[in-house]
Amino acid sequence: MERARSLLKKYYGYSCFRAGQEKIINNILNGGDTLGIMPTGGGKSICYQIPALVLPGITLVISPLISLMKDQVDALINQGIPAIFINSTLAYRETVTRMQDLARGFYKLLYIAPERLESESFRELIYQLNISLVAVDEAHCVSQWGHDFRPSYLAIAGLINGFATRPAVAAFTATATEAVRQDIIKQLGLQNPLVHIGGFDRTNLYLQVIKGEDKKNFLLQYLRQNQGCSGIIYAATRKEVDSLYDFLQAKGFSVGKYHAGLSDGERNQVQDDFIHDNILVIIATNAFGMGINKSNVRFVIHHNMPKNMEAYYQEAGRAGRDGESGECILLYSPQDIQVQKRLIELNETTPERRETDYRKLQSIIDYCHTSNCLRRCILTYFGDTNVADTCSSCFNCSGDSESVDITVQAQKILSCIWRMREQYGLTMVADVLKGSQNKKVLQLGFNHLSTYGLLNNYAIREIKDIINMLIAEGYITMTQSEYPVLKLRESAYPVLKGQASVYQKVRRNRQVHVDDNLFQMLRQLRKDIAVREKLPPYMIFSDKTLQEMSRCCPTDEQGLLTVNGVGEFKLQRYGSEFLQKIYRYLAEGGIEDYPKN
Ligand code: ADP
């Protein structure tokens, strides 16, 4: 372990392992099998990369996505770690050369996709190498109970059994229920494995659900406030992605879009632009992200409620992987439920599976509605016991909101729904409250209702916002039919009778983080180096490392080495450029005490 720790500093620039990493690495180095379950950003890669450096021979890493593989290998090479991948993008000749170099001991890590293992000749080649560890990334893909089943993962067990000397096997995933966990152990044939279930809490992530607000307005305001930050906006459908993209582009934002309707070329380009910080914000369906290891994503906004908590936490978890603060914001509207239900219905599957899907959908609906701690809601869902009742960094717990009394507006709305005999939908009710001259409103005689025009000083959009909020807070229900109708719920009556008040939580605006000048300068330098080296900026140094540099202002190599994320290799490679920038900053700031050379 001592050697492992010194390699961690040398290659990664980190001074200590996280609690789970230490346990897992120790087990691997002692030859044991491992199942590591940690959230996205929890630090799974180091769990097998450090053993790969300590153990003799080669570590074989099985990873599901080719794009992810290239990214990981590039990052390792840029840290001075000899790694290579073999996949279907390579010509046969190149594959042979790489295998020869592996046999000569030029590399410590070999990344492959599971599909490779279906070829017997390839398996034979693997058996000729000295493999001391097999690491299986995204191991839930081996289970039919998981959400991303990949049949080729089933070939892994056969590979492992065929070795003359069985290597240690370590499997990693971010999502695993008890059933999936047992299935991974069985399907991979893990022998008496250490099962480590890491805490799912990502304390650097701020969580928020926004209900009943105009989503486009929110996005405009948010992007204006957080200019310069990288983020992902997830939307439910391709159509919605296109429409948001057009809208934000027209407003002058530099954004990219990604969905399955685009060509491979277009998708690769936009992904590349995002990784290299040429485009800071990407609007995407859930097709985007599996292959993205970008660590400096500062926010993930869900324009629509996703299908379940697993999907939400996985996608939202792409924020703040570098450990710096990140924001996860879910823009909820009741229509999102209809969309998700329709998707479940369209899915050709067994009745049991459909029931599970509905149950899982309810978990995220509950998340959107709770006024309790959002973090607690997520963590208890994933089976974390011992979770505090409140936290300091979710919207519901922090002081980022203030309550505004909207009892009178609520009474007008509830009474209007009642007078319309609970037979009309959101738009019609809003029209009546606005006092619209719309033909249908007049035809149905709603202009004679006592509630007609009661909210005429509000915009239609604002009226709809309040109605949506009343739905989310459980005063009104929306029927689950093709044409959803608004109906009053039990809790509406005390409000109508003046026995209960309604409050709306109004948000105070926040900024993801306050940039200081030096941080901005270092970020620009990182971008220049990234262009020169043709690497994504976050692979040079993470945002967290740059933040620490700008806080500590190291002025010599020794000082720079104490910054988390600066290892020896990167010090040699980039150290002097960053030090120069810091000297200059200090000089211009009038601070005399700095080295003059
Ligand atoms: P995962 O694969 O679990 O999603 P990663 O392996 O990509 O997570 O790690 C997430 C981030 O945390 C990376 O930026 C990584 O460098 C950083 N990290 C991992 N382990 C440590 C550590 N011991 N100290 C500091 N940062 C770490």
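Residues numbered from 1 in each chain as written. Predicted model: local features only at pLDDT ≥ 70, side-chain atom pairs only at ≥ 80, totals over all residues. Heavy atoms only, no water.

**A closer look at the overall build of the protein**
The helix and strand tally for the protein stands at 25 helices and 17 strands. For the protein, the spread of C-alpha atoms along the principal axes amounts to about 90 × 70 × 45 Å. In the protein, buried positions account for 55% of the 597 residues. Long-range pairs, those at least 24 residues apart, make up 72% of the contacts in the protein with a sequence separation of at least 6. Approximately 26,600 Å² of the protein is accessible, and the part contributed by carbon and sulfur atoms is 47%. Taking the average place of the 68 positive charges on the side chains of the protein and the average place of its 64 negative ones, the gap between the two points comes to 3 Å. (Helix = DSSP H or I, 4+ residues; strand = E, 2+ residues; numbered from the N terminus. Buried < 20%, exposed > 50% of the residue type's maximum accessible area, 1.4 Å probe, protein only. Contact = heavy atoms within 4.5 Å. Areas by Shrake-Rupley, 256 points an atom, 1.4 Å probe, with all protein chains shown as cover. Lys, Arg positive; Asp, Glu negative; His and termini not counted. Charge placed at Lys NZ, Arg CZ, Asp CG, Glu CD.)

**Some remarks on the site of the ligand**
Neighbouring the ligand are 14 residues; Y14, Q21, G41, S45 and R321 lie closest to it. In the environment of the ligand, a nitrogen atom lies 2.9 Å from a nitrogen or oxygen atom belonging to the backbone of C16. A distance of 3.3 Å separates an oxygen atom of the ligand from a polar side-chain atom of R18. When the ligand is considered free in solution it has 570 Å² of accessible area, and contact with the protein chains removes 84% of it. No other element matches the three residues that helix α3 (residues 44-54) contributes to the shell around the ligand. Looking at side-chain class alone, the shell around the ligand contains five nonpolar, six polar and three charged residues. (Near = heavy atom within 4 Å. Polar contact = N/O pair within 3.5 Å; in protein donor to acceptor, adjacent residues only side chain to side chain. Nonpolar A, V, L, I, M, F, W, Y, C, P; charged D, E, K, R; others polar.)

**Brief notes about the pattern of salt bridges**
With the rule as written, the count across this model stands at 19 salt bridges. Across the salt bridge formed by K70 and D74, the nearest N and O atoms sit 2.9 Å from each other. With K70 and D74 both in helix α4 (residues 66-78) and four residues apart, the pair spans about one turn of that helix. With a closest N to O distance of 2.8 Å, D242 and K257 form a salt bridge. Pair noted here: D242 is in helix α10 (residues 238-250) and K257 is in strand β10 (residues 255-258), with a separation of 15 residues, a long-range link. Given the relative accessible area of 25%, D242 is considered partly exposed. Bridged by salt links that share partners, the residues R298, D322, R526 and D543 form one connected network. (Salt bridge = Lys/Arg side-chain N within 4 Å of Asp/Glu carboxyl O.)

**Observations regarding the sheet that holds strand β1 (residues 34-37)**
The parallel open sheet is built from seven strands, whose spatial order is β3-β4-β2-β5-β6-β1-β7. If you trace the sheet from one side to the other, it starts and ends with β3 (83-86) and β7 (194-197), each paired once. Strand after strand, the sheet turns through a mean of 20° between neighbouring axes, direction not considered. Both β1 and strand β6 (residues 168-173) contribute to a ladder of four bridges, which runs parallel. Residue pairing for β6: G36 is matched across the bridge by F172. The strands touched by α4 within the sheet are β3 and β4 (109-112), with β3 carrying the most contacts at an inclination of about 160°. (Pairing = 2+ DSSP bridges. Axes fitted to C-alpha atoms, helices over the stretch in contact; angles between N-to-C directions.)

**Structural notes on α3**
Taken across its 11 residues, α3 has nine buried, putting it largely inside the fold. Those residues of α3 that sit buried are K44, I46, C47, Y48, Q49, I50, P51, A52 and L53.

**Some remarks on the packing of aromatic side chains**
Counted according to the given criterion, the structure contains 14 aromatic pairs. Residues Y222 and F299 carry aromatic rings whose centres are separated by 5.1 Å and whose planes lie at 75° to one another, so their mutual orientation is edge-to-face. Pair noted here: Y222 is in helix α9 (residues 215-225) and F299 is in strand β12 (residues 297-302), with a separation of 77 residues, a long-range link. For Y222, a relative accessible area of 4% gives the class buried. Members of the aromatic cluster, joined through ring pairs, are F200, Y313, Y381 and F382. Here R116 stacks its cationic end above the ring of F122, 5.5 Å away from the centre of that ring. Above the face of the F247 ring, K216 is positioned so that its terminal group lies 5.0 Å from the ring centre. (Phe/Tyr/Trp six-rings, centres within 6.5 Å; stacked < 30°, edge-to-face > 60°. Lys NZ or Arg CZ within 6 Å of the ring centre and 35° of its normal.)

**Things to note about the packing of helix α17 (residues 426-434) against helix α19 (residues 460-472)**
Following both chains from N to C, one finds α17 and α19 inclined at 125°, their axes separated by 9 Å at the closest point. As far as their axial angle goes, α19 and α17 are oblique. Considering only the axes of α17 and α19, their crossing is right-handed. Contact with α17, carried on its side by L426, T427, V429, A430, D431, L433 and K434, involves I460, I463, K464, I467 and N468 of α19 and no other residues of that element. (Parallel < 35°, antiparallel > 145°, perpendicular 65-115°, else oblique. Left-handed = near helix turned anticlockwise from the far one by under 90°.)

**Looking at the pairing of β12**
A large share of β12 lies buried, amounting to six of its six residues. Here β12 pairs with strand β13 (residues 326-332) via four bridges, running parallel. Residue pairing across strands places V300 opposite C328, the latter belonging to β13. Note that the unit made of β12, helix α12 (residues 309-316) and β13 has a crossover that is right-handed. (Right-handed = clockwise from strand over helix to strand, strands pointing away.)

**Observations regarding the confidence of the model for the protein**
Mean pLDDT over the protein stands at 88; residues scoring 70 or higher make up 94%. Overall, residues 592-597 carries pLDDT values under 50, and its contacts beyond four positions in sequence, including any with other chains, amount to five contacts. (pLDDT = per-residue confidence, 0-100.)

**Focus on the nonpolar core**
Of all hydrophobic cores here, the largest spans 103 residues; its most connected members are L110, Y367, M549 and F578. When residues in this core are grouped by element, the largest group, seven residues, is from helix α25 (residues 568-588). With sequence-adjacent residues up to four places away left out, M549 is seen in contact with L518, L522, F541, P554, L560, V563, V566, F578 and I582. Among the nonpolar cores identified, the runner-up in size contains 33 residues, and I25, I81, F85 and L109 belong to it. (Core = buried A, V, L, I, M, F, W, Y, C linked by side-chain atoms within 4.5 Å.)

**What about the domain arrangement of the protein?**
Taken domain by domain, the protein consists of domain 1 (2-197), domain 2 (205-400), domain 3 (403-505) and domain 4 (517-587). Computed over C-alpha atoms only, the centres of domain 2 and domain 3 are separated by 29 Å. Contacts between the two partners involve 13 residues from domain 2 and, on the opposite side, 14 residues from domain 3. Taken together, both faces of the contact between domain 2 and domain 3 bury some 1,100 Å²; the carbon and sulfur share is 50%. At the boundary of domain 2 and domain 3, one finds zero residue pairs in polar contact (both at pLDDT 80 or more). When residues in the side of domain 2 that touches domain 3 are grouped by element, the largest group, three residues, is from helix α13 (residues 335-346). Classifying every residue of the side of domain 2 that touches domain 3 by side-chain character gives three nonpolar, six polar and four charged. (Domains from an automatic or database assignment. Buried area = accessible area lost by both parts, 1.4 Å probe.)

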